[in-house]
Amino acid sequence: MTDEDAGRLADLIEDACARQARSLDHAIAGGLSRIPRLLRGPVKAVLFR
Amino acid sequence: MTSRTVETDTALAKLARALEVEPSELDFLADVRLEHLRDLRWCITDTLGAADAKRLNGVVAASKLVPTALAAAIGEKWFGPVLCARLVGLVEPKRGAQYAKHLGVAFMADITARTDPRVAGELVKELELPTMQAIAVTLVERGDHLTLSHFVGHLPPEVVAAILEAIDDNAAVVRIARYVEDLGHLDPVVALLPDARVVALVQAVDDDDLWVDGLRLFSHLGDEQITRVATTIVRLDSATVAAALEAFDRHDLWDQGLQLVEHLDPGDLATFADVLLVLDDPVIDAAIEVIDRREAWPVLVRIALAAEGLNGEVRARLGEIVERLPRSRIERFEQAAADLGHPGLIATTLRGIAPELEPNHSVG
C-alpha cells in the first residue's frame, strides 16, 4: 500500500468515526425525548457520568 | 493491478460495509493481500467500537433503567441498525434476547448486516432459533449472501446447520458459502446436513450452473464430505455428471474435479467413466494434462479398472485414449497400475481393447 492509499484509507476511517459520533449524538437526543419525564433524570445521569 | 478474484471482491465488500461506503470506493485496496484486508476490517471495526466506547457503554447501562420494550423501540426508531450493531457486543446476551422479542425481523436483519460476527456468539446462544432463522430468511430474500457468510465461521456448526434448515433456496446457500472467508468452516456444517440436503445442493449447483462456486467449495471439504458430494453427483444421473465434466472443461476446473473423482468408489467410478470416456478428445486431453501435473495417474488406473465392467464401446474408447498417450505418460500409467497391484495393466487388461498397444509401443 502506498502512502497515498494509506492516507485515503485513514480519511475513510476518520469519516466513519465522525459519522458514527454524529449518529450517536442524534440517537441519544432522540432516545431521551422518548423516555418518560420521570426516568429522564436517572437515565441522563447514567448516560453522562 | 492484479486480476480481481472472488475472494478479493468479497473482502473489499466486507470492508466497505464496515466503513459504510460503496465497495467501489475501496478499489485502491484491490492489490492488498487477503489476510491483510481481513485484519484491516477487524482493526477498523475495533477502532469504530473504541471511538465511542464510553458513550456506547453509557447507552447500554442507561437502557437497563427503562422497560425492555421501550428501549427496543428507541433502538429501532432513534439508534438505527448501525449503532444497534455496535451495541450487540456490549449488551448482556440475555437482555439482548429480550430486546429481540420487541424488534421487527427486518430491523434485526439490518442490525445483523452490520454486526461484528466476532462478538455475536454469546447473543446467539440466547436467541431463539426461529428468530435467527427468520433473520436469515429475510437476508436471503434480500440477496444479502455476504452477511450470512460472515457469520459461518463464528457460530457453532450446529447453529449454522439449524439456521440453514429454514433456507429452502439451495442456490442461495451455495452463494452464501462462496463468500465464507475460511472455507475450512464449511466441512463441519456440511457434515451435519442430511443426505437429502446435500442432494438438493448438488442439484442447485447443476440447475443454476454454479459449478465454479460449487467445485471451489467442495474441494475445500474434508475427505468424508468430499466423498459424500462426489458420490451424490455421480448417483444423481448421467446428465449431472456430464454437466459437471462440461464445467470442469469450460472453466478449467479439472484440478477440483479430479479431487472429487479421486474419492469415488469403484462402482461410482464406473458410472463416472461411462460418461467421461465418451467425451471428445480435447476434453479428455485436458483431463490427462491435469492428471499428469497432479501426478494423479492412480485415478486413471482406477478408471481403467472400473471400465473393465463397462460395455465394449466404452472400453475401446479407453484403449484409444491410452494409445494416444506419449511413452513417458504410458510409463507413469504403468507404474501407477503396478503400485496399485495391477502390474502390466496395459499389456494384459487393455490389450484386448488396443491390441496394437504393446508395453514398448511409443506414441507422440
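Keep in mind it's a predicted model, so treat the numbers as computed, not measured.

**Student:** Would you mind showing me how to read the nonpolar core here?
**Tutor:** For soluble globular proteins, the rule of thumb is that nonpolar side chains tend to be buried together. Core analysis: the biggest nonpolar cluster contains 126 residues, and Phe79, Phe218, Leu245, Phe272 and Leu276 of chain B have the highest contact counts within it. The contacts of Phe79 of chain B, once residues within four sequence positions are left out, are Leu24, Ala27 and Ile28 of chain A together with Val59, Ile74, Cys84 and Leu87 of chain B. One finds Cys17 of chain A together with Leu19, Phe28 and Val32 of chain B within the second-largest nonpolar core, a separate group that totals 21 residues.

**Student:** Sorry, what's going on with the interface of chain B and chain A here?
**Tutor:** Size of an interface: often given as the accessible area lost when the parts come together. Taken together, the contact between chain B and chain A spans 32 residues of the former and 29 residues of the latter. Here chain B and chain A share an interface that buries about 2700 Å² over both sides, 74% of which is from carbon and sulfur atoms. A per-residue breakdown of the area chain B buries against chain A is headed by Phe28, Arg55 and Trp78 of chain B, which together make up 26% of the total. Linking chain B to chain A there are 1 salt bridge. Two residues, Arg55 of chain B and Asp25 of chain A, come together in a salt bridge whose shortest N-O distance is 2.4 Å. Inspection of the chain B/chain A interface yields 8 residue pairs in polar contact (both at pLDDT 80 or more). For the side of chain B that touches chain A, the secondary-structure elements that each account for two or more residues are helix H2 (34–51), helix H3 (53–63) and helix H4 (68–87) of chain B. For the side of chain B that touches chain A, a count of residues per class yields 23 nonpolar, 2 polar and 7 charged.

**Student:** What am I meant to see in helix H8 (residues 129–141) of chain B here?
**Tutor:** Residues three or four positions apart in an α-helix share a direction because the helix packs 3.6 residues into each turn. Residues and elements named next belong to chain B. End to end, H8 covers 18 Å across 13 residues, agreeing with the expected 18 Å (1.5 Å per residue, within 8%). By the burial criterion, the buried members of H8 are Thr131, Met132, Gln133, Ile135, Ala136, Thr138, Leu139 and Val140. In this fold, the buried residues of H8 make contact with helix H6 (105–114), helix H7 (121–126), helix H9 (145–152), helix H10 (157–164) and helix H11 (170–178). Directly beyond the C-terminal end of H8, a positive phi value near 75 degrees is found at Gly143.

Conventions we followed
- Position numbers for residues start from 1 in each chain and track the written sequence from start to end.
- Here every chain gets a letter starting at A, and every ligand a number starting at 1, in the order they are written.
- Owing to the predicted nature of the model, reporting of local features is limited to residues with pLDDT of at least 70; listing and counting of side-chain atom pairs is limited to 80 or more, with chain, interface and lining totals taken over all residues.
- With hydrogens and water stripped out, all remaining heavy atoms of the structure feed into the side-chain values.
- By convention a nonpolar core is built from buried Ala, Val, Leu, Ile, Met, Phe, Trp, Tyr and Cys residues, the set being connected through side-chain atoms within 4.5 Å.
- Note on exposure labels: buried denotes an accessible area under 20% of the residue type's maximum, exposed denotes more than 50%, and partly exposed covers the range between, all computed with a 1.4 Å probe on protein chains only.
- Two residues qualify as a contact provided that any one of their heavy atoms is within 4.5 Å of a heavy atom in the partner residue.
- Here the buried area means the combined drop in accessible surface, using a 1.4 Å probe, for two parts upon being joined, counting both sides.
- Basic side-chain nitrogens of Lys or Arg form a salt bridge, by our definition, when they fall within 4 Å of a carboxyl oxygen of Asp or Glu.
- Counting of polar contacts relies on pairs of N or O atoms within 3.5 Å, with two restrictions inside protein: one atom must be capable of donating a hydrogen and the other of accepting it, and residues adjacent in sequence are counted only when both atoms are side-chain atoms.
- Here a strand is any run of E in DSSP of at least two residues, a helix any run of H or I of at least four, and the numbering for each starts at the N terminus.
- By the convention adopted, Pro, Cys, Tyr, Trp, Phe, Met, Ile, Leu, Val and Ala count as nonpolar, Lys, Arg, Asp and Glu as charged, and the other residues, Gly among them, as polar.
- Expected span of a helix, by definition, is 1.5 Å for each gap between consecutive residues, and there is one gap fewer than residues.

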